[in-house]
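Chains, contacts and geometry: an overview
Chain by chain, the residues:
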Amino acid sequence: MTKPYQHAPDPPWIFRTYAGHSTAEKSNALYRANLARGQTGLSVAFDLPTQTGYDPDHILARGEVGKVGVPISHLGDMRQLFSEIPLDRMNTSMTINAPAAWLLAMYVALADEQGADRALLQGTTQNDLIKEYLSRGTYIFPPGPSLRLIGDMIAWCYREVPKWNPMNVCSYHLQEAGATPEQELAFALATAISVLDTVKAGGQVPDEDFEIVASRISFFVNAGVRFVTELCKMRSFTKLWDQILLERYGVQDPKARRFRYGVQVNSLGLTEPQPENNVYRILIEALAVTLSKDARCRALQLPAWNEALGLPRPWDQQWSLRLQQVLAYETDLLEYEDLFDGSHVVEAKVAELSKGALERLALIDDLGGAASAIDYMKTELVASNARRVRAVETGDMTVVGVNRWTDSEASPLSAGESSIETVDPRLEADVVARIKAWREARDPGAVEAALADLKAAARDGRNVMEPSIVAAKAGVTTGEWAGALREVFGEYRGPTGVAVVVSTGEAEDVEAVKREVERVSQVLGRTLTYLVGKPGLDGHSNGAEQIATRARACRAHVVGLSILSGSHLDLVQEVVRVMRAEGLGHIPVVAGGIIPEADALVLKQMGVARVYTPKDFKITQIMGDVVKLVEATALERA
């Protein structure tokens, strides 16, 4: 019997797994296997060349093809990726930003090819460039043109693919870059406001249809392990979004003002030491976005327990999917009204978070909106992340297995050579050969005409979506599409946020390393410097920023390379080769990132002096180690 507080179970959220690697064929096999296991939506991970608008045979794609996602260079790849998957019966999320219009164009072109009704297509393109400038680095164009492309997609989608979410405001990477809950709320909402303002100013959407457009703006958020705070953050998001749409934009329909969001729980919080503990972290984080009915996610994807070690295997992804299924189908969670209505604790925390977010949102408004406040937001993120990192170093923030209870039995889960998925190093040559064959087989006249019309649309202010779909059907490649728009819009280089030294309080260890830097500088007759670089296309710069921030405080001469994309062997080898060719082989090189132990040994055989992974969380110790390395190297040459 239905009770006032209990009812028949609600439908569960969409179950997704963020996946894609190697080739379109291998990723398609993984997708179909996951769907057969009960996954109800797809979440496509693209490799870095695709995300940054390069074909796999471009020099900047070298070493990156198929590493963190699937390479999609043209309609043929898209066709293979979704082989035997009817697009009109699938809900597809694509984590793609700068070339989002292009990937959606290829998706729609494939739907047309399948004979699917465009009006039935459901899914999401992430398409959040502000957060790319702030936290993830896979951007191409400057803010103005980027917002223009987002506006074009929104205006086109509400007419042609009305069930598609053309914009997924992504606060997920803001939290990974160090955002506090108030910053995550404010910076994400500021981005959404800038997008809605762009749509209004663009003139492509009639005023009477603006409510429809507003209702299709969705969000993609992070859920960390501080369960109560994260739950209240989601309730604050729903409250503030409703308020913004009503008061700023006059959206009257309460349904159109609903905060619609998907989630991946916090991958940054997954640990390399004792990785089996990550299973508990993932569950707790999933509860924060599912327990509260009034602020429950629409879609959920959970990382695998071993993502801090490398690329997860299909079994690891299945384990995360099973967690969702147990929560949704074995518990009675979906049978009850909101569990937290009337809680004075939850209401007070929501009010506190909302107040802090509105104060920051007002500051961003005063700066001229999100696109004008990129420098401010980036600096704030680097500063808050420095405080978080310092808290872990000092033990003020406990991370089980990392800075407390570090003694551990050997884990049978992560033992053996096959404990993580590996990408065949021969794959890149095969992908390069395929794109060359694709170019030779197409009609060059149709390609030339499509690209000319695309550039004309970009210059003239016409909507780029239909020209992009025509280009996809003509056989244009990802690199050619992005190259055409690079000619029109130019490229962009975002701020680093490390222009000032961030104070994290009195730190004896920092002062000790500074004294060592001064001593070694006097011995060598020069002030030591630290060059921190990110070779390749990996834009996840959080770790590099923190190393650079602490290096500014310590002033420590060495080349440090940060690579999180799994391309460390190829890219570090190339950097070391070029340094030797330029007569710089005497300068020590250190590397950091998600680097398996076997790869660390290979890097050291290449000549890399030190390898640091997430388990090496004490940055000041790294600085001290680097200073000793510089002194030892210099004395060897003396």
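Description of the structure in this document. Note that the structure is a prediction, hence the values are computed from the model and not measured. (Residues numbered from 1 in each chain as written. Predicted model: local features only at pLDDT ≥ 70, side-chain atom pairs only at ≥ 80, totals over all residues. Heavy atoms only, no water.)

1. Observations regarding the overall build of the protein chain
The criterion, for reference: Segments assigned H or I by DSSP are reported as helices when at least four residues long, segments assigned E as strands when at least two residues long, and all are numbered from the N terminus. We take the radius of gyration over the C-alpha atoms and set the globule estimate at 2.2 Å times the residue count to the 0.38 power. Each residue gets one of three labels from its accessible area relative to the maximum for its type: buried under 20%, exposed over 50%, partly exposed in between, using a 1.4 Å probe on protein chains only. The convention is simple: Lys and Arg are positive, Asp and Glu are negative, and His and the chain ends are not counted. One atom stands in for each charge, and that atom is NZ of Lys, CZ of Arg, CG of Asp or CD of Glu.
The helix and strand tally for the protein chain stands at 23 helices and 14 strands. Here the C-alpha radius of gyration of the protein chain, 25 Å, is about what a compact globule of 638 residues would show, namely 26 Å. Overall, the C-alpha framework of the protein chain stretches about 75 × 65 × 50 Å when taken along its three principal axes. Considering the protein chain as a whole, with its 638 residues, one finds that 58% of them fall into the buried category. Both charge centroids of the protein chain, one from 67 positive and one from 82 negative side chains, sit 1 Å from each other.

2. Brief notes about the sheet that holds strand β6 (residues 164–165)
Keep this limit in mind: The criterion for strand pairing is that DSSP finds at least two bridges linking the strands in question. Two residues form a contact once any of their heavy atoms are found within 4.5 Å. Fitting a line to C-alpha atoms yields each axis, with helices limited to the stretch in contact; the angle taken between N-to-C directions then spans 0 to 180 degrees.
Ordered by their spatial adjacency, five strands build an open sheet running β2-β3-β4-β5-β6, and the pairing between neighbours is parallel. The strands lining the two open edges of the sheet, one partner per strand, are β2 (18–19) and β6. Pairing of strand β3 (residues 42–45) with strand β4 (residues 91–95), which is carried by four bridges, proceeds in the parallel orientation. Among the inter-strand pairings, A45 is bridged to a residue of β4, identified as T95. Contacts from helix α4 (residues 100–114) reach β4, β5 (122–125) and β6 within the one sheet, and its direction differs from that of β4 by about 150°.

3. What to know about the environment of Y158
Among the secondary structure elements, Y158 is positioned in helix α6 (residues 143–160). Separated by 25 residues in the primary sequence, Y158 and Y133 place their C-alpha atoms 26 Å from one another. Those residues in contact with Y158 that lie beyond four places of it in its chain are V205, P206, D209, I212 and V213.

4. A closer look at a nonpolar patch on the surface
Stated formally: Two distance rules govern patches: like charges are joined within 9 Å, and nonpolar side chains (Val, Leu, Ile, Met, Phe, Trp, Tyr) within 5 Å, applied only to residues with over 30% relative accessible area and no salt bridge. Surface exposure here means Shrake-Rupley accessible area, sampled with a 1.4 Å probe, where a residue is shielded only by the protein chains that are shown. By definition here, a salt bridge exists when the distance from a side-chain nitrogen of Lys or Arg to a carboxyl oxygen of Asp or Glu is within 4 Å.
On the surface, V225, Y280 and I284 cluster together into a nonpolar patch covering about 290 Å² of accessible area. Summarising the element assignment, Y280 is placed in helix α11 (residues 278–288). For Y280, a relative accessible area of 56% corresponds to the exposed category.

5. Details of helix α14 (residues 374–394)
Residues lying three or four places apart along an α-helix face the same way, a consequence of the helix completing one turn every 3.6 residues. Note the threshold: Under the convention used throughout, the expected extent of a helix is 1.5 Å for every residue step, that is, one less than its residue count.
The end-to-end C-alpha separation of α14 is 30 Å, in line with the 30 Å expected for 21 residues at 1.5 Å each. Downstream of α14 by one or two residues, G395 has phi in the positive range, about 90°.

6. Brief notes about the environment of Q318
Its place among the elements puts Q318 in helix α12 (residues 314–330). With relative accessibility at 22%, the residue Q318 sits in the partly exposed group.

7. Remarks on α11
Taken as a whole, α11 has its buried residues at N278, V279, R281, I282, E285, A286 and A288. Taken together, the buried residues of α11 touch β8 (217–223), α10 (227–247), β9 (261–265), β10 (299–301) and α12.

8. Some words on the sheet that holds strand β7 (residues 167–170)
Pairing in this open sheet of five strands is parallel, and the strands run β1-β10-β9-β8-β7 from one edge to the other. Looking at which strands have only one partner, the edges of the open sheet turn out to be β1 (14–16) and β7. This sheet shows a mean twist of 20° between the axes of neighbouring strands, independent of strand direction. Pairing of β7 with β8, which is carried by four bridges, proceeds in the parallel orientation. Bridge pairing in β8 links V169 to F219. The sheet contacts of helix α8 (residues 181–202) involve β7 and β8, and relative to β8 the element is tilted by about 165°.

9. Let's talk about the pattern of salt bridges
Two side chains bearing opposite charge may form a pair once their charged atoms approach each other closely. Summed over the entire model, instances satisfying the criterion amount to 34 salt bridges. In this structure, the salt-bridge partner of E466 is R118, at a minimum N-O distance of 3.3 Å. Placement of the pair is E466 in helix α17 (residues 465–474) and R118 in the loop between α4 and β5, with a sequence separation of 348 residues. Classification of R118 as buried rests on a relative accessible area of 17%. Overlapping salt bridges, with partners in common, bring together D112, R118, E160, E466 and K473 in one network.

10. Digging into the nonpolar core
Considering soluble globular proteins, one finds that nonpolar side chains tend to be buried as a cluster. Test applied: Side-chain atoms within 4.5 Å link the members of a nonpolar core, which is a set of buried Ala, Val, Leu, Ile, Met, Phe, Trp, Tyr and Cys residues.
By size, the foremost hydrophobic cluster in this structure holds 137 residues, and its most contacted members are F82, F219 and W241. At 12 residues, α4 tops the list of elements feeding residues into this core. Not counting the four nearest positions on each side in its chain, W241 is found in contact with L189, A192, L196, A214, I217, F219, R257, R258 and F259.

11. A closer look at the packing of α4 against α6
Quick note on the threshold: The labels follow the angle: roughly parallel below 35 degrees, roughly antiparallel above 145, roughly perpendicular from 65 to 115, and oblique for the rest. Left-handed is the label given to a crossing in which the near helix is rotated counterclockwise from the far helix by less than a right angle, and right-handed is the label when the rotation is clockwise. Polar here means any residue other than Ala, Val, Leu, Ile, Met, Phe, Trp, Tyr, Cys and Pro, which are nonpolar, and Asp, Glu, Lys and Arg, which are charged; Gly is therefore polar.
In the contact formed by α4 and α6, the axes pass within 10 Å of each other and the chain directions differ by 25°. By the angle between their axes, α4 is roughly parallel relative to α6. α6 is crossed by α4, and the crossing has left-handed handedness. Where α4 approaches α6, its residues A100, A101, L104 and V108 are matched on the opposing element by M153, W156 and C157. Of the residues in the contact of α4 with α6, the class split is seven nonpolar, no polar and no charged.

12. Quick word on the pairing of β3
What counts is decided by this rule: Call a crossover right-handed when, viewed with both strands pointing away from you, the route from the first strand across the helix to the second goes clockwise.
The alternating pattern of β3 places L42 and V44 on one face and S43 and A45 on the opposite face, and all of these are buried. Bridge analysis of β2 against β3 gives two bridges, and the strand direction is parallel. Among the inter-strand pairings, A19 is bridged to a residue of β3, identified as V44. For the segment spanning β2, helix α1 (residues 24–36) and β3, crossover handedness is right-handed.

13. Brief notes about the pairing of β4
A large share of β4 lies buried, amounting to five of its five residues. With burial as the criterion, each face of β4 is covered, one bearing N91, S93 and T95 and the other bearing T92 and M94. Direction of pairing for β4 relative to β5: parallel, over a ladder of four bridges. Paired with N91 across the two strands is Q122, which belongs to β5.

14. Thoughts on the packing of aromatic side chains
Short version of the rule: In this analysis, rings of Phe, Tyr and Trp, with Trp reduced to its six-membered ring, are considered paired at centre separations within 6.5 Å, and the interplanar angle assigns stacked below 30 degrees, edge-to-face beyond 60, and tilted for intermediate values. Both a distance and an angle decide whether a charge sits over a ring: NZ of Lys or CZ of Arg must be within 6 Å of the ring centre and within 35 degrees of the ring normal.
Taken as a whole and assessed by the stated rule, the structure comprises 20 aromatic pairs. Here the aromatic cluster, defined as three or more aromatic residues joined through ring pairs, consists of F219, F237, W241, F259 and Y261. The side chain of K200 reaches across the aromatic face of F210, ending 4.3 Å from its centre. One Lys or Arg, R486, reaches over the ring of Y54 and ends 4.4 Å from the middle of that ring.

These figures come from the coordinates and say nothing about function on their own.
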